[in-house]
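Spelled out from the first residue to the last, the chains are:
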Amino acid sequence: QESRVILAEMEKELAPIADSIQFGRNDTVRYRAAYAFIPKFRKALDVKGSFYYPFDQLGAVAKVEPEDGTFRMFTWFLPKGNGLVRHYGVIQKKSKKTDIIPLFDFSDSLSSPMDTVLNNESWFGAVYYNIKTVKYKGKTYYTLFGWDQNDLWSSRKLVEVLTFDSGQPVFGAPIFAFSDYRQHYRPYRYVMEYRKGSQATMNFSDEYNMVLFDHLVPTVKKADDLSFHYASDGSYEGFKWENGRWRHVEKAFDFKLDENTGPPTPNPSRTIGPR
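Read on for an overview of the structure.

Points about a negative patch on the surface
- A cluster of acidic residues, E65, E67, D68 and D206, forms a negative patch on the protein surface.
- On the basis of relative accessibility, which here comes to 68%, the residue D206 falls in the exposed class.

Some words on the environment of F171
- Its location among the elements puts F171 in strand β8 (residues 168–171).
- Considering only alpha carbons, one finds F171 and S122, 49 residues apart in sequence, at a separation of 9.0 Å.

Some details on the sheet that holds strand β13 (residues 230–242)
- Strand order in the open sheet made by the 5 strands is β9-β14-β13-β12-β11, with mixed pairing throughout. In this open sheet, the two strands that pair with only one neighbour each are β9 (176–177) and β11 (202–205).
- Relative to strand β12 (residues 210–218), β11 runs antiparallel, the two being bridged by 4 bridges. Bridged to F204 within β12 is V211.

Some details on the nonpolar core
- Of all hydrophobic cores here, the largest spans 25 residues; its most connected members are F37, F41, F55, L58, F74 and W76.
- Those elements that place two or more of their residues in this core are α1 (2–23), α2 (27–45), β2 (71–79) and β3 (85–93).
- In terms of residues, this core owes the most to one element, α1, which gives 7 residues.
- For W76, the residues in contact, after removing those within four places along its chain, are I21, F37, I38, F41, A60, V61, R86, H87, Y88, G89, V90 and V127.
- Counting residues in each nonpolar core, the second largest holds 21 residues, with Y141, V159, I175 and F239 among its members.

A short note on the sheet that holds β3
- One open sheet holds the 4 strands; their spatial order is β1-β2-β3-β4, and the pairing between them is antiparallel. The open sheet terminates on both sides in strands that have one partner only, identified here as β1 (62–64) and β4 (100–104). This sheet shows a mean twist of 20° between the axes of neighbouring strands, independent of strand direction.
- Note that β1 and β2 share 3 bridges and pair antiparallel. In the strand pairing of β2, V64 is matched with M73.
- Along the sheet face, α2 touches β2, β3 and β4 and points at about 165° away from the line of β2.

Overview of α2
- End to end, α2 covers 27 Å across 19 residues, agreeing with the expected 27 Å (1.5 Å per residue, within 8%).
- Taken together, the buried positions of α2 are R30, A33, A34, F37, F41, A44 and L45.
- Buried residues in α2 make contact with α1, β2, β3 and β4.
- With a side-chain oxygen lying 3.1 Å from the backbone nitrogen of T28, the N-terminal cap of α2 falls on N26.

A word on the packing of aromatic side chains
- A full pass over the atoms with the stated rule returns 24 aromatic pairs.
- Centroid distance F178 to F239: 6.0 Å. Interplanar angle 80°. Geometry classified as edge-to-face. Of this pair, F178 sits in the loop between β9 and β10 (190–195) while F239 sits in strand β13; the two residues are 61 residues apart in sequence, bridging distant segments of the chain. For the pair shown, F178 and F239 are each scored as buried.
- Their ring planes at 65° and their centres at 6.4 Å tell us that F204 and W246 sit as a pair that is edge-to-face. Taken together, the residues F204 in strand β11 and W246 in strand β14 (residues 245–249) connect sequence positions 42 residues apart.
- Members of the aromatic cluster, joined through ring pairs, are F37, F41, Y53, F55, F74, W76 and Y88.
- Taking the ring centre of Y141 as reference, the NZ or CZ of K139 above it sits at 5.9 Å.

Definitions and limits used
Residues numbered from 1 in each chain as written. Predicted model: local features only at pLDDT ≥ 70, side-chain atom pairs only at ≥ 80, totals over all residues. Heavy atoms only, no water. Patch = residues over 30% accessible without salt bridge, like charges linked within 9 Å, V, L, I, M, F, W, Y side chains within 5 Å. Areas by Shrake-Rupley, 256 points an atom, 1.4 Å probe, with all protein chains shown as cover. Salt bridge = Lys/Arg side-chain N within 4 Å of Asp/Glu carboxyl O. Lys, Arg positive; Asp, Glu negative; His and termini not counted. Charge placed at Lys NZ, Arg CZ, Asp CG, Glu CD. Buried < 20%, exposed > 50% of the residue type's maximum accessible area, 1.4 Å probe, protein only. Helix = DSSP H or I, 4+ residues; strand = E, 2+ residues; numbered from the N terminus. Pairing = 2+ DSSP bridges. Core = buried A, V, L, I, M, F, W, Y, C linked by side-chain atoms within 4.5 Å. Contact = heavy atoms within 4.5 Å. Axes fitted to C-alpha atoms, helices over the stretch in contact; angles between N-to-C directions. Expected span 1.5 Å × (residues − 1). Polar contact = N/O pair within 3.5 Å; in protein donor to acceptor, adjacent residues only side chain to side chain. Phe/Tyr/Trp six-rings, centres within 6.5 Å; stacked < 30°, edge-to-face > 60°. Lys NZ or Arg CZ within 6 Å of the ring centre and 35° of its normal.

See below:
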């Protein structure tokens, strides 16, 4: 009970600093807040019993926790005046002793972001908004869903895979499988880049038991290789967990006319069944 009182006071001090990281009026204010926040937040996480404290008042900090409750992740971002962002994050493990693993954003230095195994010191920075645990042959894969504001022209959403090796985080695994022209390609994560200001969905659907995301198409002619011109066409792709792979589903829904209401209503396509 005493630790909760201490943590509540610390959170009260942290909340406005966290808000300033994201909403400060200029780079100077945001940078100062970012550098002030990290040691103070670390100190709070070092308090005994902090793993069970929700930190719900830190509105600018996202938090995800897997179903098994063995750890949780906090992520947040610093917007820069040039339109770029820097992400920050920390993994807090459930243990008797403090077990905190900081994450260092390495996104700007990745030449092939979908083809690289990363660790906490070379992290593909993102703000995580969901997590889904899957298992295969005794190995646990934590599937993370993240958002990256990227730059002035495009945003990104991604499906990331987190595993642990000797207690240390490993980001990425060659478990994404395609059946189209990419059938021999095994990316370590899946990144969806789309036009700034447009909306794109990428998340796990409990209703359909699969990952669903928008199918993107170029919005201008001759822009096939320019991701910042891509936007949703209203249809969906997906990934279905089968035999230790997130198998790509090219068309996640069939659309048919509902005679009672008029607008098309989605029905799960037969293509999402076992193969």
